[in-house]
Amino acid sequence: MKTLSSKAITPSQQGRVRGGSLLLLLVMLSFSLTSCTYNKLVEQEETVQQKWADVQTQYQRRADLIPNLVNTVKGYAAHESETLEAVIAARSKATQITIDPTKATPEQIAAFQAAQGEVSQALGRLLAVSENYPDLKANEQFSELQAQLEGTENRIAESRRLYNEAVQTYNVSVRKFPNNIWAMIFGFEKKTMFAAEAGAEKAPEVQF
Amino acid sequence: MKRVLLILLTWFVAVSTLMAAIYTPDNLPIPYLQDKTQYVSNPDGILSQTTVDSLNLWLGQMETGHGVQTVLAVVERIEGGETYDFCMALAHKYAIGSKEQNTGLIILLSTGDRAYYILTGRGLEGTLPDAICKRIENHQMLPSLREGDWDEAMLNTVRAIKAYIDGDDSLVGSSDFDNDDATALFWFCIAMLLGLILIGVGIWWDHRMKSYCPSCHQYKMKKISSYTTKNKRLGIRTHHDTYRCSNCYFTKELHWDEDLHSGSGAAAAGGALGGSFFGGGGRSFSGGSFGGGSFGGGGAGGRF
């Protein structure tokens, strides 16, 4: 290759070739860096979306448990209709809100969180009320439903934690230099985490 | 003064024993890591040895048969008293269960906190749904717990869990045990082979160096005579070997000492090596490792 170029190409041409190959190298390097950054951002965004799907699955699981729970409680504590209706209302309100995490604004996430928080509070009140009915508490089905509900609440907390972790990883990538330049060009934006809930996470007050 | 000191000492001992009985996910002993047949962590000796042995046997069958990796802990007290948080922290710390199946299982009983929890890995949520966990607790665990019969509570619980696990054919057994042993054997063979090659090369090199003729630089020296002298006081036998080059007839003498005790020493070392190999082959002393299973928060718990 070396002998070939020295024979066929004059020195001035040689310089041009060298400059051209340097440029080509630079372009390729920046492309490979970009594609690397870009792929990483895509992967992390996918992870965020997947974790969000997990969160929604767990919320849906809770929503699916509620009709069964309400029916069971109704059989023993029919005159707690107010509490029961509150649960149903909160559930139907929460299930109406579905959001796409790629486009969700912080306000939308907050609205979603608030609606689900209301379900948590209504359920908490229902379970607190059910403490007053020994027959209900002794009911096998109710005990198992309660366990399922508690398990689901735990799963919700865990999936939210994992979602927040994924968002944090992604956000750090998006904001770091030089990734932020590529993120800006390709339109990767910062995503919103779940805030620690002030109201909904609080254990419901039990009044006797 | 003496009495004050005595009181202080008693108080200190009482406090320290009380402190030792409160476990955190970090200081809870996990015997499995040292010995992979030990699934039960019973640091306060709450369960009897017979119970622990039975539980270990069943939990071992669950791992070999269905790949379910369990940590069963029975303690006096846990920090914070929240069994779910404790189990979850354990799950995160050790990643119990296989990575492919996520079949980790944690069973915790804290007798002092009067609380228990069965935490299921993601892969077990189908086999052991929360409702089933609760049912097992209500029927198998609670009656015995109320009577303070910890042994019976744990035996019944694990028996019931095992029945559910055995009923699920989708859970694939771990071949970890056999795999580990096969891998160990493979590496042992490789090491043996390498050792033999090294010894062979050494012997060949020794022979070549002895046959080197410093006069004509050819490898044509041959041993023509040899005799030994013995020094009993020092325990040394000296070899006197005479070599002659078949090319230029150059002659050289080699003298080397042999330690008379080293022969028996080598035999002893060989024996020790063999012994340690066969000892290491025994399964009971090899530690286990957790597979990297993840937990989503499934399971159920309660208080009594």
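Above this text is the structure in question.
Source: prediction; values computed, not measured. (Residues numbered from 1 in each chain as written. Chains lettered and ligands numbered in written order. Predicted model: local features only at pLDDT ≥ 70, side-chain atom pairs only at ≥ 80, totals over all residues.)

A. Region of the structure containing the overall build of chain A. Within chain A one finds seven helices and zero strands. Tracing chain A from N to C terminus, the helices and strands come up as α-α-α-α-α-α-α. Sequence separation of 24 or more characterises 79% of the internal contacts of chain A that already satisfy a separation of 6 or more. (Helix = DSSP H or I, 4+ residues; strand = E, 2+ residues; numbered from the N terminus. Contact = placed C-beta atoms within 7 Å.)

B. Structural view of the overall build of chain B. Along the backbone of chain B there are seven helices and 10 strands. Here chain B holds 304 residues, and the buried ones make up 31% of them. (Buried ≥ 20, exposed ≤ 12 C-beta atoms within 10 Å, placed from the backbone.)

C. Spatial organisation of the sheet that holds strand β2 (residues 40–41) of chain B. Residue and element names in this part refer to chain B. Read across the open sheet, the five strands follow the order β2-β3-β5-β6-β10; overall the sheet is mixed. In the strand order of this sheet, the two ends are held by β2 and β10 (298–303), each with one partner. With seven bridges connecting them, strand β3 (residues 69–75) and strand β5 (residues 104–110) associate as parallel partners. When the sheet's bridge partners are listed, Leu72 is paired in β5 with Ile107. Strands in contact with helix α4 (residues 130–146) are β6 (115–120) and β10; relative to β10, the strand with the most contacts, it is inclined by about 30°. (Pairing = 2+ DSSP bridges. Axes fitted to C-alpha atoms, helices over the stretch in contact; angles between N-to-C directions.)

D. Quick peek at the nonpolar core. Membership of the largest hydrophobic core comes to 51 residues, with the highest contact counts inside it found for Leu72, Cys87, Ile106 and Leu108 of chain B. Of all the elements, helix α3 (residues 83–94) of chain B adds the most residues to this core, at six residues. Judged by nonpolar contacts, the second largest core, of 15 residues, contains Ile66, Val73, Leu123 and Leu126 of chain A. (Core = buried A, V, L, I, M, F, W, Y, C linked by C-beta atoms within 7 Å.)

E. Examining the sheet that holds strand β7 (residues 221–231) of chain B more closely. All names here are of chain B. Sheet architecture is open: three strands sit in the order β7-β8-β9, paired in antiparallel fashion. Edge strands, defined here as strands with exactly one partner in the open sheet, are β7 and β9 (251–259). Each adjacent strand pair in this sheet contributes to an overall mean axis angle of 20°, direction not counted. As paired elements, strand β8 (residues 236–245) and β9 share nine bridges and run antiparallel to each other. Counterpart to Thr238 in the pairing with β9 is Asp257.

F. Summary view of the interface of chain A and chain B. Of the residues lining the interface, 11 residues belong to chain A; the matching set on chain B comes to 12 residues. Per-class residue counts for the side of chain A that touches chain B are two nonpolar, five polar and four charged. (Nonpolar A, V, L, I, M, F, W, Y, C, P; charged D, E, K, R; others polar.)

G. Representation of the packing of α4 of chain B against helix α5 (residues 150–166) of chain B. All names here are of chain B. Contact geometry of α4 with α5 gives a least axis separation of 8 Å together with a crossing angle of 155°. Taken together, the axes of α4 and α5 are roughly antiparallel relative to one another. Here α4 runs over α5; the crossing is right-handed. Across the interface between the two elements, Ile132, Ile136, Gln140, Met141, Ser144 and Leu145 of α4 pack against Glu152, Ala153, Asn156, Thr157, Ala160, Ile161 and Tyr164 of α5. (Parallel < 35°, antiparallel > 145°, perpendicular 65-115°, else oblique. Left-handed = near helix turned anticlockwise from the far one by under 90°.)

H. Focus on the pairing of β5 of chain B. Residue and element names in this part refer to chain B. Counting buried positions along β5 yields seven of seven residues, so the element is predominantly enclosed. Sheet topology places β5 next to β6; six bridges connect them, and they run antiparallel. Directly across from Leu108, in β6, lies its bridge partner Tyr117.

I. Region of the structure containing the environment of Glu82 of chain A. Note that Glu82 of chain A resides in helix α3 (residues 81–96). Taking the C-alpha atoms as reference points, Glu82 of chain A and Leu126 of chain A, separated by 44 residues in sequence, lie 9.7 Å from one another.

J. Local environment of the packing of helix α6 (residues 140–175) of chain A against helix α7 (residues 179–186) of chain A. Residue and element names in this part refer to chain A. Contact pair α6 / α7: the axes reach a minimum separation of 6 Å and the direction vectors enclose 100°. As far as their axial angle goes, α7 and α6 are roughly perpendicular. Every residue of α7 that contacts α6 at Ser173, Val174 and Arg175 is listed here: Asn179, Asn180 and Ala183. Tallied by class, residues from the contact of α6 with α7 come to two nonpolar, three polar and one charged.

K. View of the pairing of β3 of chain B. Residues and elements named next belong to chain B. Burial of β3 is extensive: seven of the seven residues sit out of reach of the surface. As judged from the two bridges shared by β2 and β3, these two strands associate in the parallel manner. Its bridge partner being in β3, Ser41 is matched across the sheet by Ala73.

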